[in-house]
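Reading the structure
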Amino acid sequence: MIDLRSDTVTRPTDKMRDAMASAEVGDDVYGEDPTINDLEATAARVVGTEAALFVPSGTMGNQIAIRVHTDRGDEALVETDAHVVKYEVGGLAQHAQVQVRTYDGGENGCPTPDQVAAGLVDEDLHRPGTGVLCLENTHNVKGGTAVSVEDVSAAAEVAQDNDVPVHVDGARLFNAAAALDVEAAELVEPVDSVMFCLSKGLGAPVGSMLAGSAPFIEQARRVRKLFGGGMRQAGVLAAAGLLALESRDRLPKDHANADLLADGLRDVDGLDVQAPDTNIVLVDVNDAGMDAATFVEAAEEEGVLVSEFGETVVRLTTHRDVTESDCRTAVDQLSSLV
Ligand SMILES: *Cc1c(COP(=O)(O)O)cnc(C)c1O
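Scope of this entry: the structure provided in the associated data block.

1. Some thoughts on the layout of surface pockets
The computed volume of the largest pocket comes to approximately 160 Å³. Sort the elements by how many residues they give to the lining of the largest pocket and helix 8 (residues 173-180) lands first, with three residues. Here the lining of the largest pocket is built from residues that sort into seven nonpolar, no polar and three charged.

This is how it looks when you write it as structure tokens:
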């Protein structure tokens, strides 16, 4: 099977498993796990923040960030199709108890400064006040779109000028950095906090990082405990995370493979292929006379796993465990369906 459902399906490398087996560990709730401490320091350095926190999942990282940035009853200004609102089980309502106001981020998923200004709410007798602006980079539902430093800065500036902090869901932050040919720290510099996943294109089995100022991370550590995410000898996971973080220069390979898929499928009658920025390829199969569910099922019979991503849209995601030759095979198999 060629598994293009998600970049989360990667399995830890032998090197990761060796590092996990021999990791130096301690009780991380006491702050005594040297491998966790190393990972948190390394992650903070890589994204240019004062501090960072290891969390079990990207979802928990986002939920902690929004909880720390807001007060109960605030508004969170988020993109209509953002992961934090669409795929986190309504966590903003449950964990931060905030109300969501959405903006339409257009092609790349990032709001214009005017959209941010229009979405901010000033607290008064009747209105709740905005507690946080959330951005997503890359934006998953828009097709793994990489949002430029300029667009991030322009949106963040409007929020921050109004004393509203900015959180970036950067599950695939390093994919964005690679596509834009900038350092990840440049994408993080304009904002107040960022979450990125170790467990997607970077290939770790478990874990994400939340990064920001030292006082922010201090509060985040306490909320992580509240959410049940305080871990003990978590250095076994951090050991893989450190190798994952070091491997970020391999992401352009995934982007080249996504281009290969897109170029191959674009020539097929009935498939409408969105040109990928990064490792995600969206394909509308409507003109092939199929809905997404039918296409997904037929693809599986040809040995290719893809994700249903809308009524007629499927998502193909490249990652470390699919090769260039797998992608060529996938193009042949998927073309034969239509
Ligand atoms: C995967 C993902 C997350 C959450 O990560 P999990 O580790 O699966 O909880 C958050 N945001 C985006 C954009 C993602 O793609």
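After that view of the structure, there is still more to cover.
2. Thoughts on the sheet that holds strand 9 (residues 272-273)
Reading across from one edge, 9-10-13-12 is the order of the four strands in this open sheet, with antiparallel pairing throughout. A strand with exactly one partner marks an edge of an open sheet, and here the two such strands are strand 9 and strand 12 (307-308). Taken together, the five bridges between strand 10 (residues 280-284) and strand 13 (residues 313-317) define a ladder with antiparallel strand orientation. When the sheet's bridge partners are listed, Ile 280 is paired in strand 13 with Thr 317.

3. Topic: the side chain of Asn 140
Following the sequence through the fold, Asn 140 ends up in the loop between strand 5 (130-136) and helix 7 (149-161). The class of Asn 140 is buried, set by a relative accessible area of 7%. Within polar-contact distance, the side chain of Asn 140 engages the side chain of Arg 315 at 2.9 Å. Non-local contacts of Asn 140, meaning those with residues more than four positions away in its chain, are made with Tyr 87, Arg 172, Ile 280, Phe 309 and Arg 315.

Parameters and conventions
- Residues numbered from 1 in each chain as written.
- Predicted model: local features only at pLDDT ≥ 70, side-chain atom pairs only at ≥ 80, totals over all residues.
- Heavy atoms only, no water.
- 1 Å grid on protein atoms, 1.4 Å probe; cavity = no way out; pocket = protein on both sides within 12 Å on 5 of 7 lines; lining within 4 Å.
- Points joined across faces, edges and corners; volume = space filled by probe spheres on them.
- Helix = DSSP H or I, 4+ residues; strand = E, 2+ residues; numbered from the N terminus.
- Nonpolar A, V, L, I, M, F, W, Y, C, P; charged D, E, K, R; others polar.
- Pairing = 2+ DSSP bridges.
- Buried < 20%, exposed > 50% of the residue type's maximum accessible area, 1.4 Å probe, protein only.
- Polar contact = N/O pair within 3.5 Å; in protein donor to acceptor, adjacent residues only side chain to side chain.
- Contact = heavy atoms within 4.5 Å.

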